[in-house]
Amino acid sequence: MEFDDERLSSEAAVKLLGRLMLAWDGQWFLKTAQDCGVETAVALNAKVRSSFGRIEIREFLKAKGHSGARSVAEAVALLSEYQRIFLGEGMAAEWEVDGDTVAVCVSRCSPQEGAGRAGLRPDTPCVACETVWDSWLEAVMPGSRWETQIGASMGRGAEACRIVLTKS
């Protein structure tokens, strides 16, 4: 048996792994929703994403040889870099920092788009955002605590999501 000796480029491998990670997460959510109902699936997925969000960021920082952000602006820069790796073009997010407050405006979200393609009702609550943002910030800024307010959500009919995080 002969094998083609061409290898995936690092860029292609990162894109592939990001898509597979999202597909895995999406399939877990959809199967949980089928067996337990959408509301239970949303609640369980939020717990899982929050927990896994901390793992993601700790591993990301470890891979970078970084001990964690020393400022909110540095935290946002690190999270923006992580999102480009994990979601690629699957998320369009603009970040605003004002002291200890971070506002995120998400105008494209591939997990929410995937939920729509899977036939979930259009007002299905977001499957991760309620808790993952503060988990990411707490992991990227060890010792910090954050509170999340969702001002608008595509999962609830808005054109874009508006998430405001305040350091407590």
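Thresholds applied
- For every chain, the first residue of the written sequence is number 1, and numbering continues from 1 onward in sequence order.
- Local features in a predicted model are, by the rule used here, given only for residues with pLDDT of at least 70; side-chain atom pairs are given and counted only at 80 or more, and totals for whole chains, interfaces and linings are based on all residues.
- Excluded from the side-chain calculations are hydrogens and water; all other atoms, namely the structure's heavy atoms, are used.
- In this description, a line fitted to the C-alpha atoms serves as the axis of each element, helices being fitted only across the stretch in contact, and the angle between N-to-C directions of two axes falls anywhere from 0 to 180 degrees.
- Numbering of helices and strands runs from the N terminus, with a helix taken as a DSSP run of H or I at least four residues long and a strand as a DSSP run of E at least two residues long.
- Roughly parallel here means an angle under 35 degrees, roughly antiparallel means over 145, roughly perpendicular means 65 to 115, and every remaining angle is called oblique.
- Only heavy atoms enter the contact rule, under which two residues are in contact if any of them lie within 4.5 Å.
- Under this grouping Gly is polar, as are all residues other than the nonpolar Ala, Val, Leu, Ile, Met, Phe, Trp, Tyr, Cys and Pro and the charged Asp, Glu, Lys and Arg.
- DSSP calls a pair of strands paired once it identifies at least 2 bridges connecting them.
- One less than the residue count of a helix, multiplied by 1.5 Å, gives the span that helix is expected to have.
- Accessible area is worked out with a 1.4 Å probe on protein chains only. A residue is then buried under 20% of its type maximum, exposed over 50%, and partly exposed in between.
- Within the patch definition used here, like charges are joined within 9 Å and nonpolar side chains (Val, Leu, Ile, Met, Phe, Trp, Tyr) within 5 Å, considering only residues with over 30% relative accessible area and no salt bridge.
- Here the Shrake-Rupley method, with its probe set to 1.4 Å, supplies the accessible areas, and only the displayed protein chains count as covering residues.
- A pairing counts as a salt bridge when a side-chain nitrogen of Lys or Arg comes within 4 Å of a carboxyl oxygen of Asp or Glu.

Chemist: Pulling in residues and values, what's your account of the packing of helix 2 (residues 38-64) against helix 3 (residues 72-87)?
Modeler: Remark: helix 2 packs on helix 3, axes separated minimally by 11 Å, with the N-to-C direction vectors making an angle of 100 degrees. When the axis of helix 2 is compared with that of helix 3, the two are roughly perpendicular. Residues Arg49, Glu56, Ile57, Phe60, Leu61 and Lys64 of helix 2 form the contact with helix 3, whose own contacting residues are Leu78, Leu79, Glu81, Tyr82, Ile85 and Phe86. Within the contact of helix 2 with helix 3, the residues separate by chemical class into eight nonpolar, no polar and four charged.

Chemist: Can you break down the sheet that holds strand 1 (residues 91-98) residue by residue, with the values?
Modeler: Overall, antiparallel pairing links the four strands, which are arranged 1-2-4-3 in an open sheet. Edge positions in the sheet fall to strand 1 and strand 3 (146-152), since each has one partner strand and no second. Pairs of neighbouring strands in the sheet enclose a mean axial angle of 20 degrees, with direction left out of account. Strand direction decides the pairing type here: strand 3 and strand 4 (residues 161-167), joined by six bridges, are antiparallel. Within the sheet, the bridge partner assigned to Glu147 lies in strand 4 and is Thr166.

Chemist: Give me the pairing of strand 4: which residues, what numbers.
Modeler: Of the strand pairs in this sheet, strand 2 (residues 101-109) and strand 4 are connected by six bridges, and their pairing is antiparallel. Bridge pairing in strand 4 links Val104 to Ile163.

Chemist: Tell me about helix 3, and name the residues and values.
Modeler: Here helix 3 is 16 residues long and its end C-alpha atoms lie 22 Å apart, about the 22 Å a rise of 1.5 Å per residue gives. Of all the residues in helix 3, the buried ones are Val72, Glu74, Ala75, Val76, Leu78, Leu79, Ser80, Tyr82, Gln83, Phe86 and Leu87.

Chemist: Tell me about a nonpolar patch on the surface, and name the residues and values.
Modeler: Together, Trp24, Trp28, Leu44, Val48, Phe52 and Ile55 line one region of the surface with nonpolar side chains, adding up to about 570 Å² of accessible area. Mapped onto the nonpolar patch, the elements with two or more residues apiece are helix 1 (10-36) and helix 2. Here the nonpolar patch gets four residues from one element, more than from any other, and that element is helix 2. Within the secondary structure, Trp24 is located in helix 1.

What is shown is where atoms sit, not what they do.
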